[in-house]
Amino acid sequence: MVRIFLILAVAANVFAASGGIAAQAKKYFTQGRYEAAYNQYSLALKEAHKEADLVAEGRILISMAILASHAMQYEDAKKLLDMVRVNDLDEKSRESFYMAYMEFYNLQGKYRESFDIANRYSFKKPTAAFSGEAAIAAAGSRNGGEADAHLKKINKKDSPGQLAFYKARVADLNGESPKELYEKALKISTDKKRFFVSGIILLRLAEITGNKDYAARSAAVFKELGLAEPFKKAEGAAK
């Protein structure tokens, strides 16, 4: 009997392996340790393959794709997204998948492709990230009314930083003056230690104002995150 319980306990640990490793990867990502997070997710993916858990595998691939998109490694991000078996995901994971795909396109300025996703897929209670990326896609595709509708789905109380950032991006894409909105979003992202968002905002502020100090600060952020391509872009803007 003891032997049976021991075997079951070991089996449970094996099945939980990918989740535990992925949880550590998420911590690294939150800390801004992109390379460590990516490597950890790669280990988690191997475990998910052993477990034959398609939902866990999909979640891990989505997270890896987001990291690759932030690093401006868009070909790698696309390959990772294409590996996800979307039909086997649960609803929450499907939403994450489409959010990641919209962000993938939005970061490249391919708003029409992102807007197509926003039009095709919807969820009863979308996350702030999903609604925000959909709003960016709509604004970039010159659909201001739909952009505002997506922004209204973001709960200001629960996600003040994300709402501030997405409002700034929408105003920017609508041709409005977004400087104050970006500065407000920057303060929140800095306080919340949302490093990548801070780097993006600083770089955009540099482009809007011509103030190279913003670009230098953006370069410093991306350098610490270990994101070579965004660092090069910000460093170029600082010269």
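Each chain has its residues counted from 1, following the order in which its sequence is written. Reporting of local features is limited, given that this is a predicted model, to residues whose pLDDT is at least 70; pairs of side-chain atoms are given and counted only at 80 or more, and all residues count toward the totals for whole chains, interfaces and linings. Working from all heavy atoms in the structure, the side-chain values ignore hydrogens and water.

Draft legend 1. Quick peek at the overall build of the chain. When you go through the chain residue by residue, the secondary structure sums to 14 helices and 0 strands. Only runs of H or I of at least four residues qualify as helices and only runs of E of at least two qualify as strands under DSSP, and these elements are numbered from the N terminus. Listed N to C, the secondary structure of the chain is α-α-α-α-α-α-α-α-α-α-α-α-α-α in terms of helices and strands. Dimensions of the chain, computed from the C-alpha atoms along their principal axes, are close to 70 × 35 × 35 Å. Three labels apply to residues, based on accessible area from a 1.4 Å probe with only protein chains included: buried if under 20% of the type maximum, exposed if over 50%, partly exposed otherwise in between. Within the chain, the proportion of its 239 residues that are buried is 45%. Any two residues whose heavy atoms approach within 4.5 Å are treated as being in contact. Of all intrachain contacts in the chain linking residues separated by at least 6 positions in sequence, the fraction that spans at least 24 positions is 53%. Counting every atom, the chain has about 13,100 Å² of accessible surface; 53% of that belongs to carbon and sulfur. Side chains of the chain carry 37 positive and 29 negative charges; the gap between the two charge centres is 3 Å. Calculation of accessible area relied on Shrake-Rupley with a 1.4 Å probe; when residues are assessed, cover is drawn exclusively from the protein chains displayed. Charged-residue counts in this description rest on Lys and Arg as positive and Asp and Glu as negative, His and the chain ends being excluded. Taken as the charge location is NZ of Lys, CZ of Arg, CG of Asp or CD of Glu.

Draft legend 2. Representation of the nonpolar core within the structure. Judged by nonpolar contacts, the single largest core of 76 residues is most densely connected at Ile60, Phe97 and Ile201. Setting aside anything within four residues of it in sequence, one finds Phe97 in contact with Ile62, Leu81, Val84, Val86 and Leu89. Among the buried residues, those of types Ala, Val, Leu, Ile, Met, Phe, Trp, Tyr and Cys that are joined through side-chain atoms within 4.5 Å form a nonpolar core.

Draft legend 3. Fine view of the side chain of Arg169. Within the fold, Arg169 resides in helix H10 (residues 160-173). Of the residues examined, Arg169 reaches a relative accessible area of 14% and is grouped as buried. Arg169 has contacts with Tyr111, Ile136 and Tyr182, leaving out every residue within four places of it along the chain.

Draft legend 4. Layout of the packing of aromatic side chains. Ring pairs are drawn from Phe, Tyr and Trp, using the six-membered ring of Trp, whenever the two centres fall within 6.5 Å, and their geometry is named by plane angle: stacked under 30 degrees, edge-to-face over 60, tilted for the rest. Evaluated as defined, the whole model comprises 11 aromatic pairs. Connected via pairs of aromatic rings, a cluster forms that spans Tyr74, Phe97, Tyr98, Tyr101, Phe104, Tyr105 and Tyr121.

Draft legend 5. Broad picture of the pattern of salt bridges. Any Lys or Arg side-chain nitrogen found within 4 Å of a carboxyl oxygen on Asp or Glu counts as a salt bridge. In total, this model carries 9 salt bridges according to the counting rule given. A salt bridge links Lys78 to Asp82; the shortest N-O distance between them is 2.8 Å. Here Lys78 pairs with Asp82, and both are found in helix H5 (residues 74-82), just 4 residues apart, close to one helical turn. By relative accessible area, Lys78 is classed as partly exposed at 29%. For Asp82, a relative accessible area of 47% puts it in the partly exposed group. Two residues, Asp191 and Lys187, come together in a salt bridge whose shortest N-O distance is 3.2 Å. With a gap of 4 residues between them, Asp191 and Lys187 both fall in helix H11 (residues 179-191), about one helical turn apart. Each of Arg169, Asp172, Arg204 and Glu207 takes part in one network of salt bridges that share partners.

Draft legend 6. Highlighting helix H9 (residues 144-151). Where H9 is concerned, the buried positions are Ala147, His150 and Leu151. The buried residues of H9 all sit within an arc of 100 degrees when viewed along its axis, so they share a single face. Buried-residue contacts for H9 involve helix H8 (128-140) and H10. The directions from the helix axis to the C-beta atoms are what the arc is built from.

Draft legend 7. Quick look at the packing of helix H12 (residues 195-209) against helix H13 (residues 212-225). Relative orientation of the contacting elements H12 and H13 amounts to 155 degrees, with a least axis distance of 8 Å. Of the possible angle classes, the one that applies to H12 and H13 is roughly antiparallel. Regarding H12 and H13, the two cross each other, and that crossing is left-handed. The segment H12 lies against H13, with Phe195, Phe196, Gly199, Ile200, Leu202, Leu203, Leu205, Ala206 and Thr209 engaging Tyr214, Ala215, Arg217, Ser218, Val221, Phe222 and Leu225. Residues of the contact of H12 with H13, tallied by class, amount to 12 nonpolar, 3 polar and 1 charged. Axes here mean lines fitted to C-alpha atoms, for a helix over just the part in contact, with angles spanning 0 to 180 degrees between N-to-C directions. Geometric relationships in this document are graded by angle, where less than 35 degrees denotes roughly parallel, more than 145 denotes roughly antiparallel, 65 to 115 denotes roughly perpendicular, and other angles denote oblique. By the definition used in this description, the sense in which the near helix is turned from the far one sets the handedness, with an anticlockwise turn below a right angle giving left-handed and a clockwise turn giving right-handed. Here the term charged refers only to Asp, Glu, Lys and Arg, the term nonpolar to Ala, Val, Leu, Ile, Met, Phe, Trp, Tyr, Cys and Pro, and the term polar to all other amino acids, Gly among them.

Purely geometric stuff here, so don't read any function into it on its own.
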